[in-house]
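Geometric and topological summary
Next come the chains, spelled out residue by residue.
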Amino acid sequence: MNPWLPSLPSVPGGTRVLCLPPSGTGAAFYASLRRTPAPEGLDLLPVQLPGRESRLNEPLLTNLRTLAHRAADELGEEFSDGHTMLFGHSMGGALAFELAVELDRRGGPRPSAVVVSACTPPHAEFLGLPMQDAPDAEFIEMLRRMGGTPAALLANKEFMAMTVPILRADLTMCETHRPRGDESLTVPLLTVGGSLDEEVSVDWLAGWKRYARAGFAGVVAPGGHHYLLEPAGARSVANLLLRARDLSAENTPTTPR
């Protein structure tokens, strides 16, 4: 089994959606989204990044482009059928974009569409004060502010001792990443974010349009930064993934199965 994909496909012949997690988390972040009945024909497959959950014994990476290259090496063949999309939330959105750009540069298989969730576009760089060297207490307060982490876990010292190093490495990736300046996607690019998100505004989401060469669409879901953990947000994601599948069918050639 590919350690990057801990879950096996469950929808024969469906469109697979590789889901990249936000900072400080792993594949388990998408557990609640997977429990929500997916639209017919969509198969959500969380991606497990190095250094977390089932891959806890592997070193954490602190460079986003290096991680994208590693992901391209290990996941590239997953796109060979032309029916696999990328979805990334927060930091996962930046990684989804970089991964798609890298696959395009290699001239091999590529995702049929890329969906970026609650993530600022590359030219925005990092908004707010740098957090990579912040005290642990500030990390915990940031997690509390963003939502998505139960209060009981935030108060669990053992859990936070495991989570903070991952979050610190991930924020280093986000805060030190700089775009090359020539990035764009040759597959449809779609965005979604929470209407009440104080970290990534709706205006910032609209800025992704400059990177789309083969179709662009965006929606706003009710909720904050981790809107997709709520039923209404999960439905918004499902509907946008269906729209991404339609756009990819209209704009990109696919390989018959």
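Residues numbered from 1 in each chain as written. Predicted model: local features only at pLDDT ≥ 70, side-chain atom pairs only at ≥ 80, totals over all residues. Heavy atoms only, no water.

**Here we look at the packing of helix α2 (residues 64-75) against helix α3 (residues 91-106)**
The cut-off we apply is this: Fitted lines through C-alpha atoms serve as axes, helices being fitted only where they are in contact, and the angles separating the N-to-C directions of these axes extend from 0 to 180 degrees. For the purposes of this entry, the term helix denotes a DSSP run of H or I that reaches at least four residues, the term strand denotes a run of E that reaches at least two, and both are numbered from the N terminus. Orientation is classified from the angle alone, with under 35 degrees giving roughly parallel, over 145 giving roughly antiparallel, 65 to 115 giving roughly perpendicular, and any other angle giving oblique. Two helices crossing with the near one rotated counterclockwise from the far one by less than a right angle form a left-handed crossing, whereas a clockwise rotation gives a right-handed crossing. Whether two residues are in contact is decided by their heavy atoms, any of which lying within 4.5 Å being enough.
Direction vectors running N to C along α2 and α3 enclose 60°, while the axes themselves pass 9 Å from each other. Comparing the axis directions of α2 and α3 gives the class oblique. Between α2 and α3 the crossing geometry is right-handed. Only Ala 94, Leu 95, Glu 98, Leu 99, Glu 102, Leu 103 and Arg 106 of α3 make contact with α2, whose side of the interface consists of Leu 64, Arg 65, Leu 67, Ala 68, His 69, Ala 71, Ala 72 and Asp 73.

**Here we look at the sheet that holds strand β5 (residues 189-194)**
In sheet architecture, strand pairing relies on hydrogen bonds along the backbone and comes in two forms, parallel and antiparallel. The cut-off we apply is this: Note: two strands are recorded as paired if DSSP finds a minimum of 2 bridges between them.
Taken in spatial order, the six strands line up as β2-β1-β3-β4-β5-β6 in an open sheet, and their pairing is parallel. A strand with exactly one partner marks an edge of an open sheet, and here the two such strands are β2 (42-46) and β6 (216-221). The mean inter-strand angle of the sheet, taken between neighbouring strand axes irrespective of direction, is 20°. Where β5 and β6 come together, six bridges link them in parallel fashion. Bridged to Gly 194 within β6 is Ala 221.

**With respect to the packing of helix α4 (residues 136-146) against helix α6 (residues 157-176)**
Definition in use: Three residue categories are used. Nonpolar comprises Ala, Val, Leu, Ile, Met, Phe, Trp, Tyr, Cys and Pro, charged comprises Asp, Glu, Lys and Arg, and polar comprises the others, including Gly.
It is at 10 Å that the axes of α4 and α6 come closest, and there the two elements cross at 85°. By the angle class used here, α4 and α6 are roughly perpendicular. Contacts between α4 and α6 involve Asp 136, Phe 139, Ile 140, Met 142 and Leu 143 from the first element and Met 160, Val 164, Leu 167, Arg 168 and Leu 171 from the second. Along the lines of polarity and charge, the residues of the contact of α4 with α6 split into eight nonpolar, no polar and two charged.

**Points about α3**
The line we're drawing: Expected helix span is given by 1.5 Å per residue-to-residue step, counting one fewer step than there are residues. Burial classification: accessible surface area is computed with a 1.4 Å probe over protein chains only, and a residue below 20% of its type maximum counts as buried, one above 50% as exposed, and the rest as partly exposed.
Over its 16 residues, α3 extends 23 Å from the first C-alpha to the last, a length consistent with the 22 Å expected when each residue adds 1.5 Å. Among the 16 residues of α3, 13 are classified as buried, and the element is accordingly described as predominantly covered. Downstream of α3 by a residue or two, Gly 107 has a phi angle that is positive, lying close to 75°.

**Focus: the environment of Ser 54**
Quick note on the threshold: For the purposes of these results, a polar contact is taken to be a pair of N or O atoms within 3.5 Å, where, inside protein, one atom must be able to donate a hydrogen and its partner to accept one; residues adjacent in sequence count only when each atom of the pair is a side-chain atom.
One can find Ser 54 in the loop between β2 and α2. Along the chain, Ser 54 and Met 85 lie 31 residues apart, while their C-alpha atoms are 23 Å from each other. A polar atom in the side chain of Ser 54 sits 3.4 Å from the side chain of Gln 48.

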